[in-house]
Amino acid sequence: MISPRFLLITDSHFADEGSELKLDDLSKTSVRQIVHPSREAEIDKLFGRIADELRRKGEMLDGVLFGGDAQRRGLPGGHKILFDLIIQHFGERGISPKRIVATPGNHDVKKWSDPSSRERYQAFTEVWKEMGCIVPWLDGIDDRFNYNPSEHFLAADDNRWVVFPLNSSNWSQVQVAVPEPLGKIWSAIPQRLSDDLKEQESFREAFDELLSYDMAHVSDAQLEVLRAVMANVSRPHAAPQLRILLMHHHLRAPGLRVELKAFENVSNLQQIRSFIAQSGVNLVLHGHKHEHAVHFEHFDGGDGEQTKRVAVLSAGAIDNGRDEDAARVLSVSGLPYTPMLHSHRFGLARSGLDAPVVAEPPIGLWSERRLAGGPTIVQGVDFNEVYARASHAALQLVPRGTLVVHLDLPPTEVRLDLPDGYPETSDSSPAERLEWLKEIVGWWQLPHSHRDKNFPYPHGSRLRRYGGVTDQIDRLGAMLESTRSSPTLSSRALAILVDPIRDFLQGSDKEAFPSFTMLQLKKRSEGGDTRLDIIGFYRAQEFSQWWPVNIAELRAIQVRLSERAGTKLGRITTITTEARLDEKAPGQVHVPILDRWLDQAPENIFLLACLLIGQIKDHPQEKVLFDQWRQSLKDLTSVARARSADGSPISSQGLKALRNYIISLCPDGRGRPEFFPYLETLVDQTEGFETSAKDLESFERWARAINRAVPVILDATA
């Protein structure tokens, strides 16, 4: 489809008598026949340049959009001059009166005339309305219940786009009523102040100015009419319609320049914003402030629906000493689904030279509508902040839904700590927190675990011994080394953790494999550096306890591979299709200490058994082992506080091994510690729980046994 193209012009401020435009400083020396040009002549020359450019490119215009203030301070002639220039220069470019959209500005209405009066709009209607241009429904001019809707919008032949004008100047340049009791004597005050007729007139003009206000306001009647017009405009078949609103006054200040005046903003602004949101407008064009700006607004429709993102373009204008922003050509590509606004801003053309043109960056005009239950994205550069917001999203925004988290940490943060607010199983010092995270990440990334058969979740063995033979991390490292000089990386730079042959053959009710399913690497250029991003994919992810450990795992892999790739560390992204939050009790990320020993250092369990029965004393590792033993018991009580939806990390194999060692060392029962019966209770209960349905009733039965046995054992080993 051909992109529609419009000429946007606003705040020309013309007059029959001419309007001087001081582009240069001619005040130092007076030289005959070197004078300031007129606004009218400069715009005439500019329109000629724009028309030549369109002709050279073979481009036509679909419309001319005039945003108001053709007149200079209400002086006559401005409307006719501008209209004639448009037709003269752009007639051959497809512009006729019916393809001109015009809305009045505050200088286009007669000063101090009554709102909604014919006198107020006479100069405007004599040109734009009577010539057949598209104009807004005008208060006092048009009948609210008998009007032609086609006079109030410009649309494409296929209705892919439509432009609606809005009048915000019905109360511009008005005088307010004099409050009583001043109203009774107001007109007589100048005479009471002076007998001099000239002085009386001066007082009268000053008093009139005190009553004058330049108010922007849109009437309820006009909004009702425009609502009906918009509702009845034909829409394209099975495709969205691009809707453009043209008005004179701004919705918010487009720049930093401060203007101290009454009624600086539209008086019923929130009503207008809600109207824009509900009516499906994609782009608002306005003038008035003589400042160029393009920004996005988020409009609340006031109906409980989500806010709508709308592009707002404030058009600049020429003034004394300012000639760089006189008009612009707007085009829209990508209709109907991905409309992109392209703006070329034209400055005044110095004689003999081309008009300066600035091509502004294109902006998207569509607004994403969030689907109920759709994915949520959390992103940031602060670990603590992103953790808090991602946890909130998992709990409140997308529970059991899709959550994408982008974390852009400084490349110098190689080793991560636990974020603020991370739920801990016991009071820990910063050093202990860091050491615990190091141990947990190290265990989950072990290249080989002796527990693979009955605990098939460790990530390291699936990454480094996939199928028992393939080291996927080494494969990625080799791929990075082979593309070291390239700024990009193949989309094949991924590793998977799900093995269908191993994981899918047991039946859907017995399948067991990690929630961490895949990781992917990507090179990215930033500030002249090449960064290595890592993306982790999860079928389910618990954010309170698991997510920080997952981030630390991904960072460790990223550090290792970025060294081989010769890149800086980049972003970490996690994508999960089932986000949840469970703060009540530790989940399976907290692998029990005894189980970790059984997997990687079973000698520690044997040595602990010897220490508990007194067979060994004053061993160098005694304090460390006893501290870890008591910590494992405290961890059990923490787990017993509440059942975790993630699966409670209950040590059964490690406890069983400890019990068996003590039995082997004390076969006839003599020498066993006094708390041994309670240890047997722990083993029996944990084994029973492991073979149970693991429902709430089973968990509570196990927890009661734990809360009875653990305090006794802790006291005995204090």
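Residues numbered from 1 in each chain as written. Predicted model: local features only at pLDDT ≥ 70, side-chain atom pairs only at ≥ 80, totals over all residues. Heavy atoms only, no water.

1. Observations concerning the sheet that holds strand β20 (residues 529-538)
If you walk across this open sheet you meet the 6 strands as β16-β17-β22-β20-β19-β18, and the pairing is mixed. In this open sheet, the two strands that pair with only one neighbour each are β16 (376-380) and β18 (494-496). Between one strand and the next, the sheet's axes are offset by a mean angle of 15°, whatever the strand orientation. Running over the sheet, helix α12 (residues 472-482) touches β18, β19 (516-526) and β20 and is turned about 175° from β18. (Pairing = 2+ DSSP bridges. Helix = DSSP H or I, 4+ residues; strand = E, 2+ residues; numbered from the N terminus. Axes fitted to C-alpha atoms, helices over the stretch in contact; angles between N-to-C directions. Contact = heavy atoms within 4.5 Å.)

2. Considerations on the nonpolar core
Core analysis: the biggest nonpolar cluster contains 51 residues, and Leu403, Val405, Leu476, Leu521, Phe543, Trp547 and Leu561 have the highest contact counts within it. For this core, the elements supplying multiple residues, two or more each, are α9 (383-397), β17 (403-407), α10 (430-444), α12, β19, β20 and α14 (546-565). At 9 residues, the largest contribution of residues to this core is made by α14. Dropping the residues within four chain positions of it, Phe543 is found in contact with Tyr387, Ala390, Ser391, Ala394, Leu403, Val405, Pro548, Thr576, Ala579, Arg580 and Leu581. Judged by nonpolar contacts, the second largest core, of 40 residues, contains Ile9, Ile50, Ile100 and Val135. (Core = buried A, V, L, I, M, F, W, Y, C linked by side-chain atoms within 4.5 Å. Buried < 20%, exposed > 50% of the residue type's maximum accessible area, 1.4 Å probe, protein only.)

3. Considerations on the pattern of salt bridges
The full count for this structure, using the stated rule, is 44 salt bridges. The salt bridge partner of Lys57 is Glu53, with a shortest N-O separation of 3.3 Å. In this pair, Lys57 and Glu53 both sit in helix α1 (residues 39-57), 4 residues apart, roughly one turn of the helix. For Lys57, a relative accessible area of 44% puts it in the partly exposed group. Ionic contacts of the salt-bridge type, sharing partners, join the residues Asp325, Arg328, Arg345 and Glu360 into one network. (Salt bridge = Lys/Arg side-chain N within 4 Å of Asp/Glu carboxyl O.)

4. Some details on the packing of α10 against helix α15 (residues 593-600)
Contact geometry for α10 and α15: axes closest at 12 Å, N-to-C directions at 50°. Here α15 runs oblique to α10, going by the angle between their axes. Where α10 crosses over α15, the handedness of that crossing is left-handed. Contacts between α10 and α15 involve Trp436, Glu439, Ile440 and Trp443 on the former and, on the latter, Arg596, Asp599 and Gln600. When grouped by side-chain class, the residues that make up the contact of α10 with α15 number 3 nonpolar, 1 polar and 3 charged. (Parallel < 35°, antiparallel > 145°, perpendicular 65-115°, else oblique. Left-handed = near helix turned anticlockwise from the far one by under 90°. Nonpolar A, V, L, I, M, F, W, Y, C, P; charged D, E, K, R; others polar.)

5. Re the environment of Ala709
When you line up the elements, Ala709 lands in helix α20 (residues 696-716). Taking the C-alpha atoms as reference points, Ala709 and Thr637, 72 residues apart in sequence, are found 9.9 Å from one another. For Ala709, the residues in contact, after removing those within four places along its chain, are Tyr678 and Leu682.

6. Re the environment of Gln472
With respect to the helices and strands, Gln472 occurs in helix α12. Linking Gln472 and Ser187, residues 285 residues apart in sequence, is a C-alpha distance of 92 Å. There is a polar contact of 3.0 Å between the side chain of Gln472 and the backbone oxygen of Arg462. (Polar contact = N/O pair within 3.5 Å; in protein donor to acceptor, adjacent residues only side chain to side chain.)

7. As for unusual backbone geometry
In this chain, Glu180 is followed by Pro181 through a cis amide linkage whose omega measures 5°. Of note, the phi angle at Ser116 is positive, near 65°, even though the residue is not glycine. Checked against the element boundaries, Ser116 lands in the loop between β3 (100-102) and α3 (118-129). With a relative accessible area of 31%, Ser116 lands in the partly exposed category. At His290, a residue that is not glycine, the phi angle is positive and equals roughly 60°. Inspection of the secondary structure puts His290 in the loop between β9 (283-286) and β10 (293-299). When its relative accessible area of 13% is taken as the criterion, His290 is described as buried.

8. Brief notes about helix α6 (residues 197-210)
When the terminal C-alpha atoms of α6 are compared, their 20 Å separation across 14 residues agrees well with the 20 Å that a helix rising 1.5 Å per residue should span. Between the side-chain oxygen of the N-cap and the backbone nitrogen of Lys198 there are 3.0 Å, and the N-cap of α6 in question is Asp196. (Expected span 1.5 Å × (residues − 1).)

9. So, helix α8 (residues 269-278)
Of all 10 residues making up α8, 7 are buried, and the element is well covered by its neighbours. Among the residues making up α8, those that are buried are Leu269, Ile272, Arg273, Ser274, Phe275, Ile276 and Ala277. Residues of α8 that are buried sit in contact with α7 (220-232), β8 (242-246), β9, β10 and β11 (308-314). Phi for Gly280, located one or two positions after α8, is positive at around 75°.

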